[in-house]
Amino acid sequence: MSRIKIMTDSACDIPKELEEQYDIRILSFPVTVGDKGYLERIDFTNEEFYEILQNTPKIPSTAQITVFQFEEEYETFYKQGYAELIYVSIYSGGSSTYNNAVMARKQFYASHPEAQEQFEIHLVDSKTYTVAYGYPVVESAKKAQRGASSGEIIAYLTDWFDSVEIYFAPYTLEFVKKSGRVPAAAAFVGELIGLRPIISIIDGETKVIEKVRGDKAILPALLKRAKERVVPQTPYMLVRSTKNEECADLAAQLKKQFGYEAVGQFDIGAAISINAGPKVVGVIVKGQNRRTK
């Protein structure tokens, strides 16, 4: 057994087979649809949730992972004999989950003062979303299994999060309008004239960086951004909600341009699709490190 446990939360969108293969602990976000409560990754598949999203009159909501839940996790892994735990969270500005992990660590050590010398808890704010932090979590779990130190793993994570960039586009503005990501009036007008926003997420900041006219203009815009921003020969990946031809087409175009394949095409889960909608395509690249330029 590795002496380091890797943990994250369900907005990471790590496929279940990788979760199991690398023994990653993934905490589920609570999701409320109408008057019913669910747990992401447990109570529905991504495809089932896209159906829910399209058919519910009111946009579902997510809740944070609680301090109590984190304390339980710390207790479990401490008792299991791990020397260290590395938890990588969804962006702290988008959820109170990271702050709850911090508070729980303080309370855990207050209850278990002896653990401070035996069990070190490292908390990493990813400053991003979806597999932009899911991918490096998987790589961190691989490193832990190979015997890497926590210092080596955290240095890798820090470099990745200081470099990663997300570019994506929703094919409808209905859900970003409902979620408040785009002002309602702007979203309504954009839909009427066929505008589609190209959105970036860098260091947790979400921006509409370009507006293109019509669905066919989305892929060229994403391809252009990826080509401009990627550091050559670094890993990149695609995200989608629903298995769509557009994502497969973008993957083929990126492979041709970069000369190597994407790490994979990943389905976004409930925590992300609530804000982006049931049809999205995007690319995640490793750009220049913004702290060392």
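Quick caveat, the model's predicted, so the values are computed rather than measured.

Peer 1: So what about the pattern of salt bridges? Which residues, and what values?
Peer 2: On inspection of all chains with the given rule, the structure shows 18 salt bridges. Here arginine 41 ties to glutamate 19 by a salt bridge, and the two come within 2.9 Å at their closest N and O atoms. Separated by 22 residues along the polypeptide, arginine 41 in the loop between strand 4 (36–39) and helix 2 (46–55) and glutamate 19 in helix 1 (residues 16–21) bring together distant segments of the chain. Put simply, aspartate 215 and arginine 196 hold a salt bridge, and the shortest N to O gap is 2.9 Å. With aspartate 215 in the loop between strand 10 (205–213) and helix 9 (218–229) and arginine 196 in strand 9 (residues 195–202), this pair connects stretches of sequence that are 19 residues apart. By relative accessible area, aspartate 215 is classed as partly exposed at 37%.

Peer 1: Which residues make up helix 3 (residues 67–79), and what values do they have?
Peer 2: The end-to-end C-alpha distance of helix 3 is 18 Å, a good match for the 18 Å that 13 residues give at a rise of 1.5 Å each. Turning to helix 3, its buried residues number three or more, namely Val67, Phe70, Glu73, Tyr74, Phe77 and Tyr78. One side of helix 3 holds all its buried residues, which, seen down the axis, span an arc of 130 degrees. Pointing more than 90 degrees away from the buried face of helix 3 are the exposed residues Phe68 and Lys79. The first or second residue beyond helix 3 is glycine 81, which carries a positive phi of 95 degrees.

Peer 1: Hey, could you go over the sheet that holds strand 4 for me, with residue numbers and the actual values?
Peer 2: Pairing is antiparallel across the open sheet formed by three strands, whose spatial order is 4-3-5. Looking at strand neighbours, the two that pair on one side only are strand 4 and strand 5 (61–62), the edges of this open sheet. Two elements, strand 3 (residues 30–33) and strand 5, share two bridges in a ladder whose sense is antiparallel. Pairing of valine 31 across the sheet is with threonine 62, part of strand 5.

Parameters at a glance
Residues numbered from 1 in each chain as written. Predicted model: local features only at pLDDT ≥ 70, side-chain atom pairs only at ≥ 80, totals over all residues. Heavy atoms only, no water. Salt bridge = Lys/Arg side-chain N within 4 Å of Asp/Glu carboxyl O. Helix = DSSP H or I, 4+ residues; strand = E, 2+ residues; numbered from the N terminus. Buried < 20%, exposed > 50% of the residue type's maximum accessible area, 1.4 Å probe, protein only. Expected span 1.5 Å × (residues − 1). Arc of directions from axis to C-beta. Pairing = 2+ DSSP bridges.

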